[in-house]
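For reference, the chains in residue letters:
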Amino acid sequence: MAEMDASPFSLISLEDELTCSICLSPFDCPVTIPCGHNFCQDCLLATWKDSYSCPQCRTHFATKPELKKNTVLSTVVETFNLRTSKSEASLIAEESKAEKEDAIRCDTCMEAEASQTCLTCMASFCEEHLRPHRENPTYRLHQLSQPLGDLSERICPDHYKLMELFCSQHSRPICSLCLQQVHKGCSFISPEEQRNLKELGLRDKLGLLDGKIEMTETVVLHINDTQSKLKDAATKRKTTLAAVYQQMRDMLDQEERQAQHDVDHELDICQRNLRDHMKRLTDNTVKMTKAKEQIYSLLNQSQTLAFLQASPDFKATKFKDPSAPRITLDSKKVTATQAFAALLKEHLTEMLKQPVEARLLILKPELKTEIVASDKKAVPVSAPASTGSQTESEVTKPPKPKRQPRSHSPGRPLINPLFQPVPGQTYSFMGSQAGWNPPQYVQGQPPGSYQGPLFMPGQNTRLAILTWI
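Residues numbered from 1 in each chain as written. Predicted model: local features only at pLDDT ≥ 70, side-chain atom pairs only at ≥ 80, totals over all residues. Heavy atoms only, no water.

What follows is about the overall build of the chain. A count of helices and strands for the chain gives twelve helices and ten strands. In the chain, buried positions account for 19% of the 469 residues. Long-range contacts, defined as pairs at least 24 residues apart, comprise 45% of the intrachain contacts of the chain with a sequence gap of at least 6. Element-wise, carbon and sulfur atoms account for 56% of the exposed surface of the chain, whose accessible area totals about 35,800 Å². (Helix = DSSP H or I, 4+ residues; strand = E, 2+ residues; numbered from the N terminus. Buried < 20%, exposed > 50% of the residue type's maximum accessible area, 1.4 Å probe, protein only. Contact = heavy atoms within 4.5 Å. Areas by Shrake-Rupley, 256 points an atom, 1.4 Å probe, with all protein chains shown as cover.)

Let us look at the sheet that holds strand S7 (residues 144–145). Strand order across the open sheet formed by three strands is S6-S5-S7, with antiparallel pairing between neighbours. This sheet does not close on itself; its edge strands, each paired only once, are strand S6 (123–125) and S7. Inspection of the sheet shows strand S5 (residues 116–118) paired to S7 by two bridges, in the antiparallel sense. Bridged to Thr-117 within S7 is Ser-145. (Pairing = 2+ DSSP bridges.)

Glancing now at the pattern of salt bridges. Considering all chains together, one arrives at nine salt bridges under this definition. Across the pair Glu-135 and Arg-131 runs a salt bridge, and its minimum N-O distance is 3.5 Å. One end of the pair is Glu-135 and the other is Arg-131, both in helix H4 (residues 131–135) and four residues apart, which spans about a single turn. Of the residues examined, Glu-135 reaches a relative accessible area of 55% and is grouped as exposed. The partner of Asp-262 in a salt bridge is Lys-333, with the nearest N and O atoms 3.7 Å apart. Residue Asp-262 is found in helix H6 (residues 191–299), and its partner Lys-333 is found in helix H8 (residues 332–352); the two are separated by 71 residues along the sequence. The buried category is assigned to Asp-262, whose relative accessible area is 9%. (Salt bridge = Lys/Arg side-chain N within 4 Å of Asp/Glu carboxyl O.)

Next up on the list: the nonpolar core. Ranked by size, the top nonpolar core spans 15 residues in total, and within it Cys-20, Phe-27, Ile-33, Phe-39 and Leu-44 carry the most contacts. Within the residue set of this core, elements represented by two or more residues are strand S2 (38–40), helix H2 (41–47) and helix H3 (71–102). Take this core: its biggest share by element is three residues, from H3. (Core = buried A, V, L, I, M, F, W, Y, C linked by side-chain atoms within 4.5 Å.)

Let us now look at H8. For H8, built from 21 residues, the straight-helix expectation of 30 Å at 1.5 Å per residue is met to within 8% by its first-to-last C-alpha distance of 29 Å. Listing the buried residues of H8 in full gives Val-334, Ala-336, Thr-337, Ala-339, Phe-340, Leu-344, His-347 and Met-351. (Expected span 1.5 Å × (residues − 1).)

Turning to the sheet that holds strand S9 (residues 172–174), a few remarks are in order. Across the sheet, three strands lie side by side as S9-S8-S10; this open sheet has antiparallel pairing. The open sheet has two free edges, formed respectively by S9 and strand S10 (188–189), since each of these has just one partner strand. Where strand S8 (residues 165–167) lies against S10, two bridges are found, and the strand directions are antiparallel. Paired with Phe-166 across the bridge in S10 is Ile-189.

For the chain, per-residue confidence averages 75 on the pLDDT scale, and 72% of positions sit at 70 or higher. Predicted confidence in the chain is weakest over helix H11 (residues 392–395), with a mean pLDDT of 40, and strongest over H6, with 91. Long-range and interchain partners of residues 1–9, a stretch whose pLDDT sits below 50, account for seven contacts in this model, where long-range means more than four residues apart. Note on residues 379–399: pLDDT is under 50 here. Beyond four places in sequence and across chains, it has one contact. (pLDDT = per-residue confidence, 0-100.)

Before going further, it helps to examine the state of the cysteines. Using the criterion set out here, one finds zero disulfides in the structure. No disulfide involves Cys-109; its nearest neighbouring cysteine sulfur is the one of Cys-106, lying 3.9 Å away. With a relative accessible area of 26%, Cys-109 lands in the partly exposed category. Between Cys-156, a cysteine without a disulfide, and Cys-178, which holds the nearest cysteine sulfur, the sulfur-to-sulfur distance is 3.6 Å. The exposure class assigned to Cys-156 is buried, which follows from its relative accessible area of 0%. (Disulfide = S-S within 2.5 Å.)

Here we come to the packing of H6 against H8. Between H6 and H8, whose axes approach to 9 Å, the crossing angle comes to 150 degrees. With respect to H8, the axis of H6 lies roughly antiparallel. The two elements H6 and H8 meet at a crossing, and its hand is left-handed. In this structure, H6 contributes Leu-252, Glu-255, Ala-259, Asp-262, Val-263 and Glu-266 to the contact, and H8 contributes Lys-333, Val-334, Thr-337, Phe-340 and Leu-344. (Axes fitted to C-alpha atoms, helices over the stretch in contact; angles between N-to-C directions. Parallel < 35°, antiparallel > 145°, perpendicular 65-115°, else oblique. Left-handed = near helix turned anticlockwise from the far one by under 90°.)

Turning to a nonpolar patch on the surface, a few remarks are in order. Together, Ile-295, Tyr-296, Leu-299, Phe-307 and Leu-308 give the surface a local cluster of nonpolar side chains, amounting to about 510 Å² of exposed area. When residues of the nonpolar patch are traced back to their parent elements, those giving at least two are H6 and helix H7 (304–309). For the nonpolar patch, the element with the most residues is H6, which contributes three residues. You can see Tyr-296 is positioned in helix H6. (Patch = residues over 30% accessible without salt bridge, like charges linked within 9 Å, V, L, I, M, F, W, Y side chains within 5 Å.)

Here we take up unusual backbone geometry. With phi around 55 degrees, Cys-29 is a residue other than glycine that occupies positive phi space. Mapped onto the elements of the fold, Cys-29 is located in the loop between helix H1 (2–6) and strand S1 (30–32). At Arg-58, a position not held by glycine, the phi torsion is positive, near 65 degrees. Looking at the element boundaries, Arg-58 is found in the loop between strand S3 (52–53) and strand S4 (60–61).

Dropping the structure here:
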């Protein structure tokens, strides 16, 4: 309790906890409801009309809870109100005391507040002691002003006279004796005129600062507008990129479905041919079984004449030797599809390892020519002074002839096929596949700049494109 008494503001920090959430004032006859929250009794009853619920946590009560005054909380609130009133009274007393201390007192009675200051007597007087200056003609020439509390600062430290002049050359206040001795010949003005000049200069600076502040605010608004435009541009570019990459994903998904369909189609062909071959083997087995039964029946013939007269239709060449067919999924189309997928993955992996600028040059080499041409346009015609010793023959040296692209080199095939035909037995069910179709290039176009679409019919052509790139 002693500590609480020593710190009058210890309860003020609990003002939020001692405030009713309905009326936003300190509790008046606080009551506690079953959910644990506290309210003023009148405030709570005013909110309970049709239903009974907590105004703070919205807990619903089936029946109206019994309300009892929280005596402990009520005592704390009363103490809080008492401390608050005392603290407000003390603050008001301190403010009035400070105002009284700041007031300028009469230099004669030292009690009453001064009403005016005499710059000739260098003293402040209240209304009572100012009567001689107003009634006696002797004080008629004395200069009176509003009460001043810094009279000691207005006294010249050298001559103990009022400093009523201002030296413009030395920028300091002076008295009349200073003007006759140390500051003899200096230009001077009154402190009021100097104040007006200084205020004018400060107002000019204020105008300059206002202009710069306005310019700064304009630049800030422009920057904010630029930020919003940048965000919008970034959003649009992200949307465009998402659409482009989604199209590429759709193309790859379609390509994957087509490749899976090709494999399934090839599997159906192989299984159908296997079923046909098994049917032929089954029919051959049935025929051989019938021939076998005829032979057994003939062997069981007991009559010799009938045995000799019987001539069963049995020829060894009629029944073919059984053999397992050589059937695989390694047709040209399936093999090319798988090889294309692996090569495309390798190509994309190597390309994505490069910076974006290098990827552009890989996909579109003519950009490099455009960049070089733009750099040459940026170079000035006249050489700098430091290269003046360069001979004219070096400056006018003709360019070297360009090397022909590799696609025009004689004696070298355009593309080497990745898959060579394997000699062996071939079945008609594998189907005929198109041959290798080399990619077409424009006359004079460098290698690696294929212009056709990457996803196009014919896996052999795609493999040739990826191999060439």
